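Spelled out, the chains give:
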Protein chains: 2
Amino acid sequence: MLRRMNGPVTLRDVALAAKVSVSTASRALTGAGLTSRGTEQRLQRIAAELGYRPNTLARGLKTRSSKLVGLVVHNLTNASFRVLAEVVGERLRAAGYQMLLCVTSDEPERERETIATLTDQRVDGLIICPTGRNGAQLAMLERGNTPVVCVVRQDPAAEAETVLAADPEGAYAGTRYLLELGHRRIGLIVGRQETTSGRERLSGYRRALEEAGLPFLAELVHAGPYVPETGLAGCAALLDRPHRPTALFVANHESTLGVLRGVAERGIAVPDGLSLLCYEDMPGLAWQRPAISVVDSGAVAMAELAADRLLQRLGGGAGAALRRGQEYRVGARLIRRQSCSPHTEA
Amino acid sequence: MLRRMNGPVTLRDVALAAKVSVSTASRALTGAGLTSRGTEQRLQRIAAELGYRPNTLARGLKTRSSKLVGLVVHNLTNASFRVLAEVVGERLRAAGYQMLLCVTSDEPERERETIATLTDQRVDGLIICPTGRNGAQLAMLERGNTPVVCVVRQDPAAEAETVLAADPEGAYAGTRYLLELGHRRIGLIVGRQETTSGRERLSGYRRALEEAGLPFLAELVHAGPYVPETGLAGCAALLDRPHRPTALFVANHESTLGVLRGVAERGIAVPDGLSLLCYEDMPGLAWQRPAISVVDSGAVAMAELAADRLLQRLGGGAGAALRRGQEYRVGARLIRRQSCSPHTEA
DNA sequence: CTGTTAGCGCCTTCAC
DNA sequence: GTGAAGGCGCTAACAG
């Protein structure tokens, strides 16, 4: 039972040792039941003894399936992306796929390269938070029969299915919560209006105000990129004024860090001096004292859904067809903790 | 210039279009200068026009190199692992490799499976934070000429190079800093003593105390797993007592969250009522008010070094040889912010 | 149920 | 400098 060379044990080695043809060995080990019960077990045993492991590359070359799926996100700092990476990775693993994780920093050029490389690797599928500038390439992938699922952001040109957060509803629910607590001057710190989430969260806020018969005041809104500095600047813009808001809605967790600092530096007590509500949950917020109330954007659900859709399409069974442009929304959820209190004053 | 079928453009298509043999096309495109300047450029152009992209699987099958590298970590919550994923991913990408990210939850069985799968995928290399129970498999990889670099934790059986934090020195430096501020009763909340980092950070603390001529008091130490709850429990154990410590050293960032809450709930002012020093930096800590002083364990440097060593060994140039059992330590760094103040009292 | 034959797409001797 | 031929390890017809 000597092997002819060093290097990994190949199917040929197993076949040789078992005195059968390579194809029989293949059939026995892929276990589709295309061989007699006896040889199947015998080959399984011999393969195990020899420490045989199939070469995924060779198999993939033949079957046109690499068992690789790309996950493309902007970074790993954002809690949603982190959740995405963990959840999707786990789901894929359970289904026999491996995850190629790529970070684009939200730069179109990087994204372009990334998609190209993943294509070269012949990934079986792709889950991506698109920049919106490489939709054509994504559409090309779909056309080449490689399923693509967009998450968090949309890219119409990609013609792919998309899993989004219910941002308009989430922001509406959050604002509404503050209104029901009696707040009338509600500040909003929100993402750049060039992004979908930035726009949608602002619109949810506006709608809640309108329904409550309150005017929309631009002076109560501060928009900026998804970084802590935005929160800090927002505090300066909204809190350092005579008639300051009694509640502050911070529409992303990156800005929240800056707001926490801005509020602390001004010696403002939460929730007595200011009610604080944030968007997107992350571990740190529940551990703050007072614990920060949030609108959870549902990152886990988004990740699960994205994985579901991709796996279904990979599986080829029911629901495997591309639902072109189909848009899924996962619900946001208000989590009441300690940072918001009723406002009782004219 | 019609292609015979749908599906990706193959090298053969390019050769056909250029009226050269497949091998010439191959040589021209791999660009080793084995063909005439003219045909090389011509083929580059034609390939580009046709949108040719090499099939990594096929190439890998031949060259025995998948251009894939596995990164195996326990989770993506821990800041060091996150940094590892981002930095290593970027370094690999720049070097033409793709990263297969795998999460083991620190479970040996999961790790075993993961290593097996990565082996099947014929990864060119592996960076792993080992559980310590699958060293034999890792050693097997090395023997099969696949470089392995261990990070954060060691696994003697793996016989691999290892990049570690300088935990003994870091904990020593942190404790020493508090001592120099005049503190004499310094509490320590530290990781489980079954882990290397848990033991090493405790030992650094002890050494600093001894050097200062202070006794080691078990009552000032609380050990537990890397979760916020440990910090909360540690507060109960160390702060709810008559003669409480004047400074608290929290030796991992997971516990820090719990400590922040525990301290806030007790109405203890930082740093006046208690100096607080944490281990492992993360974005949130710098944004806290007061900003939390930390001993940065050097996750970025560890990631860089691990990537360096792996790429060197993959590159095959100088320094490509395995330095069996070689252990690298990256320095910890004290970052003074606002959470520690001098203790001035008998 | 099993063996034989043909590739998957690419690289790489070996000739010319 | 270029072409022809063989094979990486595996699977999938096609025969028997």
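Residues numbered from 1 in each chain as written. Chains lettered and ligands numbered in written order. Predicted model: local features only at pLDDT ≥ 70, side-chain atom pairs only at ≥ 80, totals over all residues. Heavy atoms only, no water.

- In the annotation of an unreviewed UniProt entry, the entry for chain A reads LacI family DNA-binding transcriptional regulator, and the organism field reads Roseomonas elaeocarpi.

Let's talk about the relation of the copies chain A and chain B
- By a simple turn and slide, chain A fits onto chain B: the slide is 0.0 Å along the axis, the RMSD is 0.2 Å, and the turn is 180 degrees. Here the copies are linked by what is in effect a two-fold axis.
- Take the interface residues of chain A: 100% of them recur as interface residues in chain B, which is what a same-surface contact looks like. (Least-squares fit on C-alpha atoms with pLDDT ≥ 70 in both. Contact = heavy atoms within 4.5 Å.)

Quick look at the sheet that holds strand S7 (residues 221-224) of chain B
All names here are of chain B.
- The sheet built from six strands is open, its strands ordered S7-S6-S8-S9-S10-S12 with mixed pairing. At either end of the open sheet lies a strand with only one pairing partner, and these are S7 and strand S12 (333-335). Direction aside, neighbouring strands of the sheet carry axes that sit 15 degrees apart on average.
- The sheet contact formed by strand S10 (residues 293-296) and S12 spans three bridges and is antiparallel. Among the inter-strand pairings, Val295 is bridged to a residue of S12, identified as Leu334. (Pairing = 2+ DSSP bridges. Helix = DSSP H or I, 4+ residues; strand = E, 2+ residues; numbered from the N terminus. Axes fitted to C-alpha atoms, helices over the stretch in contact; angles between N-to-C directions.)

Considerations on the domain arrangement of chain A
- For chain A, the assigned domains are domain 1 (11-54), domain 2 (64-165 + 299-315) and domain 3 (167-296).
- The distance between the C-alpha centroids of domain 1 of chain A and domain 2 of chain A comes to 36 Å. (Domains from an automatic or database assignment.)

Re the interface of chain A and chain B
- Contacts between the two partners involve 46 residues from chain A and, on the opposite side, 46 residues from chain B.
- Contact between chain A and chain B buries roughly 4400 Å² in total, counting both sides, with carbon and sulfur atoms accounting for 59%.
- The three residues of chain A that bury the most area against chain B are Leu57, Arg122 and Trp287 of chain A, which together make up 18% of that side's buried surface.
- Linking chain A with chain B are eight salt bridges.
- For Arg93 of chain A, the salt bridge goes to Glu113 of chain B, with nearest N and O atoms at 2.9 Å.
- There are 14 residue pairs in polar contact (both at pLDDT 80 or more) connecting chain A and chain B.
- If you list the elements that add at least two residues to the side of chain A that touches chain B, you get helix H4 (56-63), helix H5 (79-94), strand S2 (98-103), helix H6 (108-120), helix H10 (228-239), helix H11 (253-265) and helix H12 (283-287) of chain A.
- The dominant element in the side of chain A that touches chain B, judged by the number of residues it contributes, is H6 of chain A, at six residues. (Buried area = accessible area lost by both parts, 1.4 Å probe. Salt bridge = Lys/Arg side-chain N within 4 Å of Asp/Glu carboxyl O. Polar contact = N/O pair within 3.5 Å; in protein donor to acceptor, adjacent residues only side chain to side chain.)

Focus: the side chain of Thr195 of chain A
All names here are of chain A.
- Secondary-structure assignment places Thr195 in the loop between strand S6 (186-191) and helix H9 (196-211).
- Residue Thr195 is classed as buried on the basis of its relative accessible area of 7%.
- Of the polar contacts made by the side chain of Thr195, one reaches the backbone oxygen of Arg192; its length is 2.8 Å.
- At a separation of 3.1 Å, a polar atom in the side chain of Thr195 contacts the side chain of Tyr226.
- Excluding its chain neighbours within four sequence positions, the residues that come into contact with Thr195 are Arg153 and Tyr226. (Buried < 20%, exposed > 50% of the residue type's maximum accessible area, 1.4 Å probe, protein only.)

Digging into the pairing of S6 of chain A
All names here are of chain A.
- Of all six residues in S6, six are buried, a share of seventy percent or more.
- Pairing geometry for S6 and strand S7 (residues 221-224), over four bridges, is parallel. Looking across to S7, one finds that Gly191 is bridged to Gly224.
- Each parallel crossover has a hand, and for S6 linked through H9 to S7 it is right-handed. (Right-handed = clockwise from strand over helix to strand, strands pointing away.)

A word on the protein's contact with DNA strand C
- Near DNA strand C, the surroundings consist of 25 residues, among which Ser23 and Thr24 of chain A together with Thr10, Leu11 and Arg59 of chain B are the closest.
- Within the side chain of Thr39 of chain A, one N or O atom sits 3.0 Å away from a phosphate oxygen of DNA strand C.
- Leu11 of chain B places a main-chain nitrogen or oxygen 2.5 Å from a phosphate oxygen of DNA strand C.
- Those elements giving two or more residues to the surface near DNA strand C turn out to be helix H2 (22-30) and H4 of chain A together with helix H2 (22-30) and helix H4 (56-63) of chain B.
- In terms of residue class, the surface near DNA strand C is built from seven nonpolar, twelve polar and six charged. (Near = heavy atom within 4 Å. Nonpolar A, V, L, I, M, F, W, Y, C, P; charged D, E, K, R; others polar.)

Details of the environment of Gly51 of chain B
- Tracing the backbone shows Gly51 of chain B in the loop between helix H3 (37-50) and H4.
- It is 9.4 Å that separates the C-alpha atoms of Gly51 of chain B and Val14 of chain B, two residues lying 37 residues apart in sequence.

Re the sheet that holds strand S10 (residues 293-296) of chain A
Residue and element names in this part refer to chain A.
- Reading across from one edge, S7-S6-S8-S9-S10-S12 is the order of the six strands in this open sheet, with mixed pairing throughout. Edge positions in the sheet fall to S7 and strand S12 (333-335), since each of these pairs with one other strand and no more. Between one strand axis and the next, the sheet turns by 15 degrees as a mean value, whatever way the strands run.
- Two elements, strand S9 (residues 275-279) and S10, share three bridges in a ladder whose sense is parallel. Counted as the bridge partner of Cys278 is Val294 from S10.

Observations regarding the pattern of salt bridges
- The full count for this structure, using the stated rule, is 54 salt bridges over all chains.
- Here Arg207 of chain A makes a salt bridge to Glu211 of chain A, at a shortest N to O gap of 3.4 Å. Separated by four residues within a single helix, Arg207 of chain A and Glu211 of chain A lie in helix H9, roughly one turn from each other.
- Assessed through its relative accessible area of 36%, Arg207 of chain A is described here as partly exposed.
- Where Arg337 of chain A meets Asp281 of chain A, a salt bridge forms, and the shortest distance between an N and an O atom there is 2.6 Å. Linking Arg337 of chain A in the segment after S12 with Asp281 of chain A in the loop between S9 and H12, this pair joins segments that are 56 residues apart in sequence.
- Connected through salt bridges with shared partners, the residues Glu90 and Arg93 of chain A together with Arg110 and Glu113 of chain B form a single ionic network.

Some points on the protein's contact with DNA strand D
- Around DNA strand D, the structure places 26 residues, and the nearest of them are Thr10, Leu11, Tyr52 and Arg59 of chain A together with Thr24 of chain B.
- In DNA strand D, the atoms that sit within 4 Å of the protein are 64% sugar and phosphate, with bases accounting for the remainder.
- For DNA strand D, a phosphate oxygen lies 2.4 Å from a polar atom in the backbone of Leu11 of chain A.
- At 3.2 Å from a base nitrogen of DNA strand D is found a side-chain nitrogen or oxygen belonging to Arg27 of chain A.
- When residues of the surface near DNA strand D are traced back to their parent elements, those giving at least two are H2 and H4 of chain A together with H2 and H4 of chain B.
- When residues of the surface near DNA strand D are assigned to their parent elements, the largest contribution, five residues, is made by H2 of chain A.
- Residue classes in the surface near DNA strand D are distributed as eight nonpolar, twelve polar and six charged.

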